[in-house]
Amino acid sequence: MPVHVETLTAASPQDRLDLAKIYADAPGWLLAPHADAERLIAAGLERGTLIAGRFNDRLLGAALLERNDDCWRLSHLCVRRITRGRGVARRLLDEAKRLAEAAGKPLRLAGPVDQLQSQALAARSQLPLDPM
């Protein structure tokens, strides 16, 4: 599945619908510190930190990619339930790694360190996990 990863600075109505579907099944801990998915999406668009994976003009997965002076942090990685298991998250993660490396910055994950999914992603991707 050829997924194109892009930074979203503006979202079409269809993009917003797709993003809402992506985060609709997300557990509450994944949305924190945002009150809900709508606020997470709005904050990511406003700050220019929202990256998304697109296939056939539809967004299938998204994450926030903070570009700091010392390192870059990837957080809130989520893939639409119907699309999970097809490499979308891996594509988002690989592209975040590539972009950070091209900028000369280390990439770190940010998430709740007490969540097993965060720990597992950090271990699989061999990236440090920073608390949120």
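In the nomenclature of an unreviewed UniProt entry, the protein chain corresponds to Acetyl-CoA sensor PanZ family protein from the organism Azorhizophilus paspali.

> In this structure, what is going on with the pattern of salt bridges? I would like to understand it.
Any two side chains of opposite charge can pair if their charged atoms end up close together. One pass over the full model with this rule turns up 10 salt bridges. Measuring nitrogen to oxygen at the nearest pair gives 2.7 Å for the salt bridge that ties arginine 108 to aspartate 130. Of this pair, arginine 108 sits in strand S5 (residues 107-110) while aspartate 130 sits in strand S6 (residues 129-130); the two residues are 22 residues apart in sequence, bridging distant segments of the chain. Taken together, the shared-partner salt bridges in this structure form one network comprising Glu6, Asp15 and Arg54.

> Help me out: how do you make sense of the pairing of strand S2 (residues 50-55) in this one?
Looking along a regular strand, one sees side chains alternate from face to face of the sheet. Counting buried positions along S2 gives five out of six residues, so the element sits mostly inside the fold. Pairing between strand S1 (residues 4-7) and S2: four bridges, direction antiparallel. The residue of S2 that forms the bridge with glutamate 6 is alanine 52. In this structure, S2 lies alongside strand S3 (residues 58-67), joined through six bridges in antiparallel fashion. If you follow alanine 52 over to S3, its bridge partner there is alanine 62.

> Sorry if this is basic, but what is going on with the nonpolar core here?
As a rule of thumb, soluble globular proteins bury nonpolar side chains together. In this structure, Ile51, Leu65, Leu74, Leu107 and Leu109 are the most contacted members of the largest nonpolar core, which totals 20 residues. With five residues, the single largest contributor to this core is helix H4 (residues 88-102). Leu19, Ala26, Leu40 and Ala52 belong to the second largest nonpolar core, which has 18 residues in total.

> Mind showing me how you'd approach the sheet that holds S6 here?
Think of a sheet as strands paired side by side through backbone hydrogen bonds, with each pair either parallel or antiparallel. Overall, mixed pairing links the six strands, which are arranged S1-S2-S3-S4-S5-S6 in an open sheet. Strand pairing shows two members of the sheet lacking a second neighbour, S1 and S6, which therefore form its edges. Pairing geometry for strand S4 (residues 72-79) and S5, over three bridges, is parallel. Opposite tryptophan 72, over in S5, you have leucine 107 as the bridge partner.

> Quick question: what am I supposed to make of H4 here?
The α-helix winds at 3.6 residues per turn, so residues separated by three or four positions along the chain end up facing the same way. Taking 1.5 Å as the rise per residue, H4 with 15 residues should run 21 Å; its terminal C-alpha atoms sit 21 Å apart, in good agreement. Every buried residue of H4 is listed here: Val88, Leu92, Leu93, Glu95, Ala96 and Ala100. What you see down the axis of H4 is that its buried residues fit within an arc of 165 degrees, all on one side. Residues Glu101 and Ala102 are exposed on H4 and point more than 90 degrees away from its buried face. Looking at the residues trailing H4, positive phi occurs at glycine 104, about 75 degrees.

Here is what the cut-offs are and how they apply
- Residues numbered from 1 in each chain as written.
- Predicted model: local features only at pLDDT ≥ 70, side-chain atom pairs only at ≥ 80, totals over all residues.
- Heavy atoms only, no water.
- Salt bridge = Lys/Arg side-chain N within 4 Å of Asp/Glu carboxyl O.
- Helix = DSSP H or I, 4+ residues; strand = E, 2+ residues; numbered from the N terminus.
- Buried < 20%, exposed > 50% of the residue type's maximum accessible area, 1.4 Å probe, protein only.
- Pairing = 2+ DSSP bridges.
- Core = buried A, V, L, I, M, F, W, Y, C linked by side-chain atoms within 4.5 Å.
- Expected span 1.5 Å × (residues − 1).
- Arc of directions from axis to C-beta.

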